[in-house]
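Residue strings, one per chain:
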Amino acid sequence: MKATAPTYSHREPAGWVGQQAGSSRIPDCAGMAFSRKRVSNHQHRRGKAHSLNGGKGIEDAFWQQKTVQGRQIASAGVLNAYGNDGTSLRSGFFLQKLCLQNVLHVNRKVTPDQVIKEFNRAPDRHGKYKLAIARFKEECCLRDLVLDGRKVTPDAVVNDFRSARAMLELA
């Protein structure tokens, strides 16, 4: 007598994996999922570039001058990928890197004022934005960059670090 595998059919879509006891799901990088009952090639969240992981991947592709889906990535595409997430500093750090490396954004040079504005676009949580701004102002001071129409002084940098430190100690 020949052994045969039991058949099992679902009415749910092919990508559905049940939350039943005993169902195991082992994902792999290509989006395949194995549940003891079937193999699915359904890719969850496919094509969403607005997640932070997607944004970071797009930023990496931008700096390495790689293409994504056959397209060269522009700086505006990276900022768009980061979306409107108010909890992340990544868009500010990206603009900071563009500014400090004199890389054009939408055919214009990024100014230190734009970087500070990007860091200040969301409420400061636990002093992280203040610390990022203090570090950026330190770079502006070292490179003689103009912020708010004047060069950043070492005294201003020290004051910013003191205020950031006070906020971090409170948190």
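In this text, all values refer to a predicted model and were calculated from it rather than measured experimentally.

Participant: Break down the packing of aromatic side chains for me, citing the residues and quoting the values.
Facilitator: For the structure on display, the rule yields four aromatic pairs. Both rings, one in Phe62 and one in Phe94, keep their centres 5.5 Å apart while their planes meet at 75°; by these two values the pair is edge-to-face. Note that Phe62 is positioned in helix H1 (residues 52–63) and Phe94 in helix H3 (residues 90–100), a separation of 32 residues in sequence. As far as the burial class goes, Phe62 and Phe94 line up, both buried. Aromatic side chains Trp63 and Phe94 sit 5.8 Å apart centroid to centroid with 65° between the ring planes, which places their arrangement in the edge-to-face category.

Participant: Provide a residue-level description of helix H4 (residues 112–119), including the pertinent values.
Facilitator: Taken residue by residue, H4 has Pro112, Val115, Ile116, Glu118 and Phe119 as its buried positions. Here the buried residues of H4 occupy an arc of 160° about the axis, which is enough to place them on one side. Residues of H4 that are buried make contact with H3, helix H5 (128–142) and strand S8 (146–147).

Participant: Quick rundown of unusual backbone geometry? Include the residues and the values.
Facilitator: Peptide bonds are trans in most cases, and residues, glycine excluded, mostly fall at negative phi. Of note in the backbone geometry, Gln69 takes a positive phi value of approximately 55° without being a glycine. As for its placement among the helices and strands, Gln69 is situated in the loop between strand S4 (67–68) and strand S5 (71–72). Gln69 gets classed as exposed once you look at its relative accessible area, which sits at 76%. For Asp144, which is not glycine, the phi dihedral falls at a positive 55°.

Participant: Just give me the short version of the pattern of salt bridges, but keep the residues and values in it.
Facilitator: Under the criterion given, the structure shown has four salt bridges. Of the charged contacts, one joins Glu118 and Arg121 as a salt bridge, the two residues approaching to 2.7 Å between their closest N and O atoms. For Arg121, a relative accessible area of 34% gives the class partly exposed. Between Lys137 and Asp160 there is a salt bridge, with its nearest N and O atoms 3.0 Å apart. Of the two residues, Lys137 is situated in helix H5 and Asp160 in helix H6 (residues 154–170); the sequence distance between them amounts to 23 residues.

Participant: Account for the packing of H5 against H6, with residues named and values stated.
Facilitator: Each pair of packed helices can be described by the angle between their axes along with the distance between the axes. Here H5 crosses H6 at 165°, and the two axes come no closer than 9 Å. Overall, the two elements H5 and H6 adopt an arrangement that is roughly antiparallel. Viewed along their axes, H5 and H6 form a crossing whose handedness is left-handed. In this structure, H5 uses Lys128, Lys130, Leu131, Ala134, Arg135, Lys137, Glu138 and Cys141 to contact H6, whose residues at the interface are Pro154, Val157, Asp160, Phe161, Ser163, Ala164, Met167 and Leu168. Residues belonging to the contact of H5 with H6 are distributed by class as follows: nine nonpolar, one polar and six charged.

Rules used throughout
Residues numbered from 1 in each chain as written. Predicted model: local features only at pLDDT ≥ 70, side-chain atom pairs only at ≥ 80, totals over all residues. Heavy atoms only, no water. Phe/Tyr/Trp six-rings, centres within 6.5 Å; stacked < 30°, edge-to-face > 60°. Helix = DSSP H or I, 4+ residues; strand = E, 2+ residues; numbered from the N terminus. Buried < 20%, exposed > 50% of the residue type's maximum accessible area, 1.4 Å probe, protein only. Arc of directions from axis to C-beta. Contact = heavy atoms within 4.5 Å. Salt bridge = Lys/Arg side-chain N within 4 Å of Asp/Glu carboxyl O. Axes fitted to C-alpha atoms, helices over the stretch in contact; angles between N-to-C directions. Parallel < 35°, antiparallel > 145°, perpendicular 65-115°, else oblique. Left-handed = near helix turned anticlockwise from the far one by under 90°. Nonpolar A, V, L, I, M, F, W, Y, C, P; charged D, E, K, R; others polar.

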